[in-house]
Amino acid sequence: MASAFSQCIEEACGRRQESKKDAHLCAYCGGLLEVKYEFDPFDPESLRFAWHQRRLSGEPVDRSGVWRFRELLPFVGPDDRIISLSEGSTPLVGTRRAGWWAGPVHLTIKHQGTNPTGSFKDLGMTACITRAASLGVRIVACASTGNTSSSMAAYAARAGMRAILFVPYRQISAAKLAQALDFGALVIEVGDTFDQAFSLLRQIAGEMNFYLVNSINPFRIEGQKTIVAEMLEQRAWRPPDYIVVPGGNLGNASAIGKGLRELKELGFIEKVPRVVVIQAAGANPFFRTLAAGSEKLLPVENPETEATAIRIGRPANWKKARRILEWTGGFCESVTDEEIFEAKSVLAEDGVGCEPASAATIAGVRKLVRSGKIERHADIMAVLTGHQLKDTDYVMRHRSSVEECRQRLRVEPNLDALRKALEGVLAVPA
Ligand SMILES: *Cc1c(COP(=O)(O)O)cnc(C)c1O
Ligand SMILES: [Zn+2]
């Protein structure tokens, strides 16, 4: 049996943690923790075959895009109950216009919007709630820009746990809030920013005995890393040149990097794609920190962007993500809300919908090709992190003006008026 332990990521410390109960920070220096394994020796070829075969199985754990790769997650014991909602197994979607617009590049999308609650957060949540269940946890909590809460609420309900979420007042989309309420979570609206809500939660979680499921919880990262195995399998194990993700708290970028690192160490891949992180210009602390070569995070005090899923000023996982960019030779770019909107519109022309934060990836690729950092015709995998219907307010704000986009007309209910209106619009080529 492979064995699992957690270890501090700080170079100066790096100590293994002894406690049986999960702490999320190093007991010695307060650094972030990472789950590590002493893997049993693998034969990549037969494991690839087994993973592939499981897709045909009727067993829920085999069909889950996370647990199908359970050899990569050996923190789960044979008697642990796996809390799954059939997450993962998300599609790869080729692009036409979007790849042309952004490059030209060979742009393929890994669309995480088809997960049970509509975002990639479900990959991490199944792992983290499974872990919590094995520890006998009763109450889970998170601070969230929205999707973590929808996901936590669903998986907590599934596991029979109470879910409590801290959200900034009036800052999360109606759809995400509705999901959390629908799954019976307790919603605490507190503070004006994610960072404020998160900081308060971290201070009170200990005394209230809440199990934190934010992405500082290293088990979230474990679940999220499986996207790499799934994506590579879908590509017959040919790695792309780049994997591009939007960056908020930087858990996803860290997870993708950890997945790549383990698959490389275990002999599944030779070449490692560069991991590229895209932030919104009004919430780009990671971009600034790297650009300045700073050893300390340069936070953004009042992050501002319409892409609410990445409106974060103090990303908790920035050190993990920096390490990944260094290791893969990747980089970080920052794009304006206008560029995000344009990218989202181009994706829509390909029939692909997503959240604004997800579209930042494509906007970033375009900018990086323009500046010569990404070569034309590169093979690029963009992770679209969330479903189109997560933020319909955004679409209505941008698309409903009649005069500008000729998409929405109000017409008097008679045939003459209808004819006139239709002829008027259709006379102009779309
Ligand atoms: C959470 C989230 C992000 C940001 O991911 P991090 O791991 O916090 O960097 C991006 N897009 C969507 C849709 C999200 O829900
Ligand atoms: Zn430490």
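Notes on the structure in this doc start here. In this text the structure is predicted, and so the values were computed from the model without any measurement. (Residues numbered from 1 in each chain as written. Chains lettered and ligands numbered in written order. Predicted model: local features only at pLDDT ≥ 70, side-chain atom pairs only at ≥ 80, totals over all residues. Heavy atoms only, no water.)

Comments concerning the packing of aromatic side chains
Quick reminder of the rule: The criterion for an aromatic pair is that two Phe, Tyr or Trp rings (for Trp, the six-membered ring) have centres within 6.5 Å, with stacked assigned to planes under 30 degrees apart, edge-to-face to planes over 60 apart and tilted to the rest. Put simply, DSSP marks the helices as runs of H or I at least four residues long and the strands as runs of E at least two long, and each gets a number from the N terminus on. Under the scheme applied here, a residue whose accessible area is under 20% of the maximum for its type counts as buried, over 50% as exposed, and between as partly exposed, the area being computed with a 1.4 Å probe on protein chains only. Look at NZ for Lys and CZ for Arg. If either is within 6 Å of the ring centre and within 35 degrees of the ring normal, a charge sits over the ring.
All told, the structure shown has 12 aromatic pairs when counted by the stated rule. Between the aromatic rings of Trp51 and Phe69, the centroid separation amounts to 4.9 Å while the plane-to-plane angle is 75°, which identifies the pairing as edge-to-face. Note that Trp51 is positioned in helix α1 (residues 44–54) and Phe69 in the loop between α2 (60–63) and β3 (92–94), a separation of 18 residues in sequence. No difference in accessibility class separates Trp51 from Phe69, as the two residues are buried. Taking the centre distance of 6.3 Å and the plane angle of 55° together, the rings of Phe341 and Tyr394 count as tilted. Residue Phe341 is found in helix α13 (residues 337–349), and its partner Tyr394 is found in helix α15 (residues 392–399); the two are separated by 53 residues along the sequence. Pairwise contacts between aromatic rings join Tyr37, Phe39, Phe42, Trp51, Phe69, Trp237 and Phe268 into one cluster. The residue whose ring lies beneath Lys373 is Phe331, and the NZ or CZ to ring-centre distance is 4.9 Å.

A word on the coordination of the zinc ion (ligand 2)
For a metal with four tetrahedral donors the ideal donor-metal-donor angle is 109.5 degrees, while six octahedral donors give ideal angles of 90 or 180 degrees. For clarity, the threshold we go by: Note: metal donors comprise N, O and S atoms at 2.8 Å or less from the metal (3.2 Å for Na, K and Ca); water molecules are not included, so apparent gaps in a site are possible. Four donors are marked tetrahedral only if all angles between them lie between 85 and 135 degrees, whereas four are marked square planar and six octahedral if opposite donors are more than 155 degrees apart and the other angles lie between 65 and 115; the remainder are marked irregular.
Binding of the zinc ion (ligand 2) to the protein goes through Cys8 (SG), Cys13 (SG), Cys26 (SG) and Cys29 (SG), at separations of 2.3 to 2.4 Å. Around the zinc ion (ligand 2), the 4 donor atoms sit at angles spanning 97 to 115°, and that spread fits a shape best called tetrahedral. Sequence spacing among the residues donating to the zinc ion (ligand 2) works out to C-x4-C-x12-C-x2-C. Of this pair, Cys8 sits in strand β1 (residues 3–8) while Cys26 sits in the loop between β1 and β2 (33–38), and the two are 18 residues apart along the sequence. Per residue, the accessibility class of Cys8 equals that of Cys26, and both read buried.

Examining the environment of Gln112
We count it as follows: Here, residues are in contact when the closest pair of their heavy atoms is within 4.5 Å. For this analysis, a polar contact is any N or O atom pair within 3.5 Å, provided that within protein one partner can donate a hydrogen and the other can accept it, and provided that sequence-adjacent residues contribute only side-chain to side-chain pairs.
Its place among the elements puts Gln112 in the loop between β4 (106–111) and α4 (121–134). Distance in space between the C-alpha atoms of Gln112 and Gln171 is 22 Å, their sequence separation being 59 residues. Residues contacting Gln112, with those up to four places away along its chain left out, are Thr90, Gly118, Ser119, Phe120, Leu123, Ile227, Val383, Leu384 and Thr385. Among the polar contacts made by the side chain of Gln112, one reaches the side chain of Thr90 at a distance of 2.6 Å.

Some remarks on the sheet that holds strand β11 (residues 331–335)
Quick reminder of the rule: Only strands that DSSP links by at least two bridges are regarded as paired with each other. All axes here are fitted lines through C-alpha atoms, helices being fitted over the stretch that makes contact, and every angle between N-to-C directions spans 0 to 180 degrees.
Taking strand neighbours across the sheet as the criterion, the 6 strands line up as β3-β4-β12-β9-β10-β11 in an open arrangement whose pairing is mixed. In this open sheet, the two edge strands, each paired with only one partner strand, are β3 and β11. For this sheet the average axis-to-axis angle between neighbouring strands, irrespective of direction, equals 25°. Of the strand pairs in this sheet, β4 and strand β12 (residues 379–384) are connected by 6 bridges, and their pairing is parallel. If you follow Leu107 over to β12, its bridge partner there is Ile380. Sheet strands in contact with helix α12 (residues 318–328) are β10 (274–280) and β11, and its direction is about 135° off that of β10.

Here's the deal with the packing of α4 against helix α5 (residues 147–159)
When two helices pack together, their arrangement is captured by the angle between the axes and the distance separating the axes. Note the following rule: If an angle is under 35 degrees, it is roughly parallel; if it is over 145, roughly antiparallel; if it lies from 65 to 115, roughly perpendicular; otherwise it is oblique. Crossing handedness follows the turn of the near helix against the far one: under a right angle anticlockwise gives a left-handed crossing, and clockwise gives a right-handed one. As a working rule, the residues Ala, Val, Leu, Ile, Met, Phe, Trp, Tyr, Cys and Pro are called nonpolar, Asp, Glu, Lys and Arg charged, and the rest polar, with Gly in that last group.
Between α4 and α5, whose axes approach to 9 Å, the crossing angle comes to 40°. Overall, the two elements α4 and α5 adopt an arrangement that is oblique. Judged by the sense of rotation from one axis to the other, the crossing of α4 with α5 is right-handed. Contact with α4, carried on its side by Lys121, Asp122, Met125, Thr126 and Ile129, involves Asn147, Thr148, Ser151, Met152, Tyr155 and Ala159 of α5 and no other residues of that element. In terms of residue class, the contact of α4 with α5 is built from 5 nonpolar, 4 polar and 2 charged.

Looking at the site of ligand 1
Stated precisely, the cut-off is as follows: It suffices for a single heavy atom of a residue to lie within 4 Å of a molecule or strand for the residue to be listed as near it. Every accessible area reported is derived by Shrake-Rupley at a probe size of 1.4 Å, with residue values counting cover from the shown protein chains alone.
Taken together, 16 residues sit near ligand 1, with Lys121, Asn147, Asn249, Leu250 and Thr385 positioned nearest. Taking Gly248, its main chain carries an N or O atom lying 2.8 Å from an oxygen atom of ligand 1. One of the backbone nitrogen or oxygen atoms of Gly251 is found 3.1 Å away from an oxygen atom of ligand 1. Starting from 380 Å² of accessible surface for ligand 1 in isolation, the protein chains cover 97%. Across the shell around ligand 1, the residue classes tally to 6 nonpolar, 8 polar and 2 charged.

The analysis is restricted to geometry; functional conclusions fall outside its scope.
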